[in-house]
Amino acid sequence: MMSNPKIVFLLSDATGETAEKMVMAALLQFGDRDVRLRRISHVRSKNQLYEALDEVLAAQGMVVYTIVNRELARLVHDECDSLGLPCIDLITPLLMKITEFFGLSPQETPGLLHVIDEDYFRRIEAVEFTVKHDDGQETSHLTKADIVLLGVSRSSKTPLSIYLAHAGWKVANVPLVKGIDPPKELFDVDPKRVVGLIIDPQRLLEMRVTRLKHLGMDPKAAYADFAEIEDELRHARAFFRRHPWVVIDVSGKAVEETANEVLVKLKLK
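Caption draft 1: Layout of the overall build of the protein chain. Counting its secondary structure elements, the protein chain contains 9 helices and 8 strands. For the protein chain, whose C-alpha radius of gyration is 27 Å, the value lies well above the compact-globule estimate of 18 Å for 269 residues. For the protein chain, contacts bridging at least 24 residues in sequence account for 74% of all contacts bridging at least 6. Carbon and sulfur atoms form 54% of the exposed surface of the protein chain, whose accessible area is close to 16300 Å².

Written out as structure tokens, the structure reads:
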């Protein structure tokens, strides 16, 4: 005799897609179980909630909910508790932690999670592009970048690239290594999209020593030799002067400050 399937009710003040995806991901860990998902969307009033819970009670189901309104979310919890229904709140603990971290209150706007527009996809694409083109990778696609950053090792190329990518810009960064020619594709890029990064030699020395110690390597290696660093930076400056590129000094600047300067000087802002 076959047993009745377990039913998980997904209550949401929006579409319920987030809850459904998370529950489906969790159910993969339980093998081939006879579980049904019943999505109840756009629950935004007490009456809607009571009707939904009546259905859950009749089926002796479980409630998984994503409701951003704190009063309504609390009501779901309290009603399920009084009815003896198992329930889990997927969104409130996250909202509370973020509130604590940022010191801000959530907007409590239903469906805000699903406002996925062209800008969202543009930023996702930008991040993917930037990760693939970090530190001189896939140089054959340099001309597809919105911004190309050049600089010696530890001149903030990667963090700056990632920050700009999250703002929607496709960024490639290329390391400058003394004695090694940069990729030929670099010279096919519109010079108005290329930025050379320079940094104070003492600051660069400190960053490289820290890097070597973190890797368990000798902090007195040539990579962190002050004279070598000065020579690298002289080489970089001379290289930049031979091309009509924007040059920015990143010394002592926060990533967001440098990013803003990049966008302003490239006239992208």
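Caption draft 2: Broad picture of the pairing of strand β3 (residues 62-66). A large share of β3 lies buried, amounting to 4 of its 5 residues. The sheet contact formed by strand β1 (residues 6-12) and β3 spans 5 bridges and is parallel. Bridge pairing in β3 places Leu11 opposite Tyr65. Alignment of β3 against strand β4 (residues 87-89), held across 3 bridges, turns out to be parallel. Residue pairing for β4: Tyr65 is matched across the bridge by Asp89.

Caption draft 3: Quick look at the environment of Ile88. Mapped onto the elements of the fold, Ile88 is located in strand β4. For Ile88 and Val76, which are 12 residues apart along the polypeptide, the C-alpha to C-alpha distance reads 9.6 Å. Those residues in contact with Ile88 that sit more than four places away from it in its chain are Met62, Val63, Val64 and Tyr65.

Thresholds applied
Residues numbered from 1 in each chain as written. Predicted model: local features only at pLDDT ≥ 70, side-chain atom pairs only at ≥ 80, totals over all residues. Heavy atoms only, no water. Helix = DSSP H or I, 4+ residues; strand = E, 2+ residues; numbered from the N terminus. Rg over C-alpha atoms; globule rule 2.2 N^0.38 Å. Contact = heavy atoms within 4.5 Å. Areas by Shrake-Rupley, 256 points an atom, 1.4 Å probe, with all protein chains shown as cover. Buried < 20%, exposed > 50% of the residue type's maximum accessible area, 1.4 Å probe, protein only. Pairing = 2+ DSSP bridges.

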